[in-house]
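Breakdown of the fold
Take a look at the letters that make up each chain.
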Amino acid sequence: MTANLPEPVSGTCAIEALFLSHFRSHKVTRIEPKARLVALYGPNGAGKTNILEAISYLSPGRGLRRAVPEDIRRREDAAPGWKVAARLRVGDTQHELETWAEAGSGRHVHLDGKAVPQNRLGNLLRILWLVPAMDRLWTEAAEGRRRFLDRMTLSFDPAHADDALRYEKAMRERNRLLKDQVTDAHWYRAVEAQMAATGAAILLRREAAIAAVTAAQRDGLDIFPKAALALIGPDADEDFPRTEEALLDALSEGRNRDMSAGRTLVGPHRCDLSAIYAAKSIPARETSTGEQKALLISLVLANVRALAMATGAAPVVLLDEVAAHLDQERQAALYDELDALGAQAWLTGTGRELFDALGARADYLQVTDDAGLSIVSEAGLNNQH
Amino acid sequence: MSDDTRDIEALIDLMARLPGLGPRSARRAVLHLIKKRGPLMVPLVDALRNVAENARPCLNCGNIGTSDLCAICADETRANGEICVVEEVSDLWAMERAGIFKGRYHVLGGTLSALDAIGPEDLHIPKLLDRVATENVREVILALNATIDGQTTAHYIADQLSGDIAVTSLAQGVPIGGELDYLDDGTITAAMRARKSF
């Protein structure tokens, strides 16, 4: 039962078959999309986003809801755990990918029958997403924007995850020293050397990702807004330490201040992503809700475009409840753009009419709820429960 | 559990606590020992008793032996001015298996970790500094793991060793017999940075 996906413009990176077992509202769900664009429609709470979340676990990390593995298991069946399996096509090669978690254990990943570390997935399949929780991205605290930027960065360079983990670990060590009021300068210098080396690499990659997305915005459709993006320091400071040497100095000089605060107050974990809405020359946070949403879509599309150019294959895109926020003209433009970029896109919406402009280009799957159990129906699908 | 198997079950439980053994492999090992009571089990009991009574850390380097000074520290030919710093005794034994290093060792017994409340005093670092000052050491080789804790500990030690002493660390890169396609990005980057003339 091999799905015949249309050949994308810029190469292939797609999920040919997806299997969910005891994953939130899905007991057993199998999907084999017959088209590169997949429209999942149905009422609120039917389990559409759960399918996108399952797909997000085919990439490293905690998925699009940032859930702990224990919370994902379908509780109604007293299942010991959950599982997501997929047949992927990357270039000319097919891969079998399985990821699962059982009660009390972390997430496991098997690629082609062999256990692999999660980070390996970043090299295999690039997945971008946009979910309603990100609607407040420009008005919420900087943490959300850093996470958005880091996912963008990770999509270009999977090694970003390793440096981020190493930086985080070293920073936790330094924060412990600060909280315990340790005064051993040798120990601080040793930890700060790790933070400076990994921190500089993180900042360099973030800058490169911003540059790539900025360049890709220029080729985007005018119907979607554009923004001037920049990496800024705490309090919108543009002059913050970026190099290894500068970070080393800043950490060393800030030791007394940080000890009073009980935490590290300088470094890439304090940076922010600034966006100036180009059409009005005002910060993105000051634009209307609709404009902010349109800007996010525009940036995700630019990310897709930049990745297609950089890697030769467009990533998989997950767009949750995006169409409802767009007028018909922008809906059509979004679908045309996804089609032209050759990306496999999974979209959700409450009604099928939201996807009218997709026409025959999409596979339409209806998701309904039957007493807490998600039912996925329509052609190309075999759902058991 | 019946009375006549209680002792055997207790032995299986103890064996199952060993690294690399689970309940199943522990049962197999105990059954094998019972079958080979004379040639294997009795000598094993003797060996265990001997080691339990005599094994102790070397007072100089932290290696495990059966006397106060391990064979390496007692061997004057190994006092060549080089000390190789390792995290655990198992790392020392791995280095010895390779047979390339002819100097002496210093076993830290772990790595610095503020989160786990493991400080310099817990790691025999003061003892290392003392040895460097008194054993006419020319070079300290930091053979620590390439983890954040390992590298933090390496930085910490290097930061304290100044003057005429050379401080070096093991190279990182392509393993012997390794294929590039199977290496992670970090290893390839390290190998490329440490490339040498062919």
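Residues numbered from 1 in each chain as written. Chains lettered and ligands numbered in written order. Predicted model: local features only at pLDDT ≥ 70, side-chain atom pairs only at ≥ 80, totals over all residues. Heavy atoms only, no water.

Here we take up the nonpolar core. With 98 residues, the main nonpolar core has A:Leu18, A:Leu58 and A:Trp346 as its most contacted residues. It is helix H9 (residues 289-311) of chain A that provides the largest number of residues to this core, a total of eleven residues. Three or more residues apiece are contributed to this core by two domains, here domain 1 (1-131 + 318-385) and domain 2 (139-286) of chain A. Among the nonpolar cores identified, the runner-up in size contains 34 residues, and A:Val191, A:Ala250, A:Val266 and B:Ile83 belong to it. (Core = buried A, V, L, I, M, F, W, Y, C linked by side-chain atoms within 4.5 Å. Buried < 20%, exposed > 50% of the residue type's maximum accessible area, 1.4 Å probe, protein only. Helix = DSSP H or I, 4+ residues; strand = E, 2+ residues; numbered from the N terminus. Domains from an automatic or database assignment.)

Positionally, A:Asp237 belongs in the loop between strand S9 (227-232) and helix H7 (244-253). For the pair A:Asp237 and A:Ala324, spaced 87 residues apart in the sequence, the C-alpha separation amounts to 36 Å.

Right, let's get into the sheet that holds strand S11 (residues 282-283) of chain A. All names here are of chain A. Reading across from one edge, S9-S10-S11 is the order of the three strands in this open sheet, with antiparallel pairing throughout. Each of the sheet's edge strands pairs with one partner strand only, and the pair in question is S9 and S11. Against the sheet, helix H4 (residues 142-156) engages S9 and strand S10 (272-277), with an angle of about 90 degrees to S10. Running over the sheet, helix H6 (residues 185-217) touches S9 and S10 and is turned about 175 degrees from S9. (Pairing = 2+ DSSP bridges. Contact = heavy atoms within 4.5 Å. Axes fitted to C-alpha atoms, helices over the stretch in contact; angles between N-to-C directions.)

Now for the interface of chain B and chain A. You'll often see interface size given as the accessible area lost when the parts meet. On the chain A side, the residues contacting the 18 residues of chain B number 17 residues. Together chain B and chain A conceal approximately 1,600 Å² of surface at their shared face, both sides included; 60% is due to carbon and sulfur atoms. The largest contributions to the chain B side of the interface with chain A come from B:Ala114, B:Leu115 and B:Ile148, which together make up 39% of the buried area. Inspection of the region where chain B meets chain A yields two salt bridges. With a shortest N-O distance of 2.8 Å, A:Lys169 and B:Asp149 are connected by a salt bridge. (Buried area = accessible area lost by both parts, 1.4 Å probe. Salt bridge = Lys/Arg side-chain N within 4 Å of Asp/Glu carboxyl O.)

Let us now look at the domain arrangement of chain B. You can read the domains of chain B as domain 1 (3-54) and domain 2 (64-169). On a C-alpha basis, the centres of domain 1 of chain B and domain 2 of chain B stand 34 Å from each other.

Structurally, A:Leu97 is set in strand S5 (residues 93-102). Sequence separation between A:Leu97 and A:Val109 is twelve residues, and the spatial gap between their C-alpha atoms is 7.4 Å.

Attention now goes to the side chain of A:Thr348. Residues and elements named next belong to chain A. Structurally, the position occupied by Thr-348 is in strand S13 (residues 345-349). Of the residues examined, Thr-348 reaches a relative accessible area of 1% and is grouped as buried. Within polar-contact distance, the side chain of Thr-348 engages the side chain of Asp-320 at 2.5 Å. Here the side chain of Thr-348 touches Glu-321 through a polar contact of 2.8 Å, landing on its backbone nitrogen. Among all residues touching Thr-348, those that are not within four sequence positions of it are Leu-40, Lys-48, Leu-52, Leu-319, Asp-320, Glu-321, Val-322 and Phe-355. (Polar contact = N/O pair within 3.5 Å; in protein donor to acceptor, adjacent residues only side chain to side chain.)

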